[in-house]
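Close look at the chain arrangement
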Amino acid sequence: MAEITSDQIEYEKTQQFNKALSWHHLLRYKHILALFRKLAREKGKGVLRVVEIGCAHAKLFSVLNKRFGIDYTGIEIAADFVRVAQARYGHYPNFRIIHDSALHASAYFQQTDIIVALEALEHIPEHEVVRIVEAIAQSRPRYFACSVPIEIGPSIWLKNLASAAMGYVRHKEYRWAETLWAGLYQLDKLPPHDVRHKGFDWRWLAQTIRHNMQILAIRKLPFGFLPAPLAFSVFIIARPRDCAAPRLPDARAPEVQS
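Given the structure is predicted, the values throughout are model-derived calculations rather than measurements.

Quick look at the packing of aromatic side chains
Here the structure, examined in full by the defined rule, presents eight aromatic pairs. When the centroid spacing of 5.7 Å and the interplanar angle of 45 degrees are considered together, the rings of Phe 36 and Phe 68 count as tilted. You can see Phe 36 sitting in helix α2 (residues 19-43) and its partner Phe 68 sitting in the loop between α3 (59-65) and β2 (70-76), a full 32 residues away along the chain. Across this residue pair, the class does not change: Phe 36 and Phe 68 are buried. Look at Phe 223 and Phe 225: their rings are 5.6 Å apart centre to centre, the planes differ by 10 degrees, and that puts the pair in the stacked class. For Phe 223, a relative accessible area of 38% corresponds to the partly exposed category. Judged by relative accessible area, which is 68%, Phe 225 ranks as exposed. Counting every residue linked through ring pairs, the aromatic cluster contains Phe 61, Tyr 72, Tyr 89, Tyr 92 and Phe 95.

What to know about the packing of helix α6 (residues 155-166) against helix α7 (residues 176-183)
Between α6 and α7, the shortest axis-to-axis distance is 8 Å and the interhelical angle comes to 150 degrees. Relative to α7, the element α6 lies roughly antiparallel. In contact with Ile 156, Trp 157, Asn 160, Leu 161 and Ala 164 of α6, α7 contributes Trp 176, Thr 179, Leu 180, Ala 182 and Gly 183.

Overview of a nonpolar patch on the surface
Judged by side-chain polarity, Leu 180, Trp 181 and Leu 184 come together as a nonpolar surface patch covering roughly 250 Å² of accessible area. Tracing the backbone shows Leu 180 in helix α7. Using a relative accessible area of 43% as the deciding quantity, one classes Leu 180 as partly exposed.

Some details on helix α8 (residues 202-212)
Within the sequence span of α8, burial applies to Trp 202, Leu 205, Ala 206, Thr 208 and Ile 209. Looking straight down α8, one finds its buried side chains confined to an arc of 160 degrees; they lie on one side. The inward-facing, buried residues of α8 contact α5 (126-139), β5 (143-149), β6 (214-221) and β7 (233-239).

Side note on the pairing of strand β3 (residues 95-99)
By the bridge criterion, five bridges tie β2 to β3 in an arrangement that is parallel. When the sheet's bridge partners are listed, Gly 74 is paired in β3 with Ile 97. The β-α-β motif built from β2, the intervening helix α4 (residues 79-89) and the parallel element β3 has right-handed crossover chirality.

A short note on the sheet that holds β7
The strand order β3-β2-β1-β4-β5-β7-β6 describes an open sheet built from seven strands, whose pairing is mixed. At either end of the open sheet lies a strand with only one pairing partner, and these are β3 and β6. Sheet twist, expressed as the average angle between the axes of neighbouring strands with direction ignored, equals 15 degrees. Bridge count between strand β1 (residues 48-53) and strand β4 (residues 114-118): three bridges; the pairing is parallel. Residue pairing across strands places Val 50 opposite Ile 114, the latter belonging to β4.

Focus: the environment of Ile 115
By the element assignment, Ile 115 lies in strand β4. Residue class for Ile 115 comes out buried when judged on its relative accessible area of 0%. Through-space distance from the C-alpha of Ile 115 to that of Thr 73 is 9.6 Å; in sequence the pair is 42 residues apart. Non-local contacts of Ile 115, meaning those with residues more than four positions away in its chain, are made with Val 51, Ile 53, Phe 109, Ile 136, Ser 139, Pro 141, Tyr 143, Phe 144 and Ala 145.

Calculation rules
Residues numbered from 1 in each chain as written. Predicted model: local features only at pLDDT ≥ 70, side-chain atom pairs only at ≥ 80, totals over all residues. Heavy atoms only, no water. Phe/Tyr/Trp six-rings, centres within 6.5 Å; stacked < 30°, edge-to-face > 60°. Helix = DSSP H or I, 4+ residues; strand = E, 2+ residues; numbered from the N terminus. Buried < 20%, exposed > 50% of the residue type's maximum accessible area, 1.4 Å probe, protein only. Axes fitted to C-alpha atoms, helices over the stretch in contact; angles between N-to-C directions. Parallel < 35°, antiparallel > 145°, perpendicular 65-115°, else oblique. Contact = heavy atoms within 4.5 Å. Patch = residues over 30% accessible without salt bridge, like charges linked within 9 Å, V, L, I, M, F, W, Y side chains within 5 Å. Areas by Shrake-Rupley, 256 points an atom, 1.4 Å probe, with all protein chains shown as cover. Salt bridge = Lys/Arg side-chain N within 4 Å of Asp/Glu carboxyl O. Arc of directions from axis to C-beta. Pairing = 2+ DSSP bridges. Right-handed = clockwise from strand over helix to strand, strands pointing away.

In short, shape yes, function no, at least from these values alone.
This is how it looks when you write it as structure tokens:
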């Protein structure tokens, strides 16, 4: 197996920093599994062709492969993540990982059933995200699903204060004045968004998706009843615009184990 670097260890540790944070990260898998169960019923026989953008260590492959017949392609730009994912899952005949940017690897979007991006699009330059969303729409998968953090509105105060109180790392990306302005929707007071969390506006992403596809659902996490200003992240489900909108499943299913 390929050697796991300190950066990779740190990446996985941050997602399992404590039980509350680990639970929140697992919620995205709860929602994606509910969507995959519906997709499997719709398709019936045959494997589900999956492309994941920004797959990191390809944990989604492990989660899905235990439950569904899938043909999985992960796209990841970080070489260390690619090496670890290949070492962990490369022996599976239904697994492949592409070391490239999603924009350059968009040919892999073709003839897929679902394209997924979990906590990835906020880490891609916004001008590239526009082209990626356009390429997804043109490839016409049955579904596109993504989750991104909410970095604007009062929830950013809660997230960064909680991060500081727990000794976590996410708040260190911000100066406290920037946290204040982001909570007041004053992103012009912050540096332009690059590939980190600071300055990211999920509403811009939702509008970009809406211009190209039909949005079926925008779900707030951790709890669906929360308004966006108090939620920590959003889970968006879309599909090609001229397809009949199906009845989407809810995510009231057993918790996903890490």
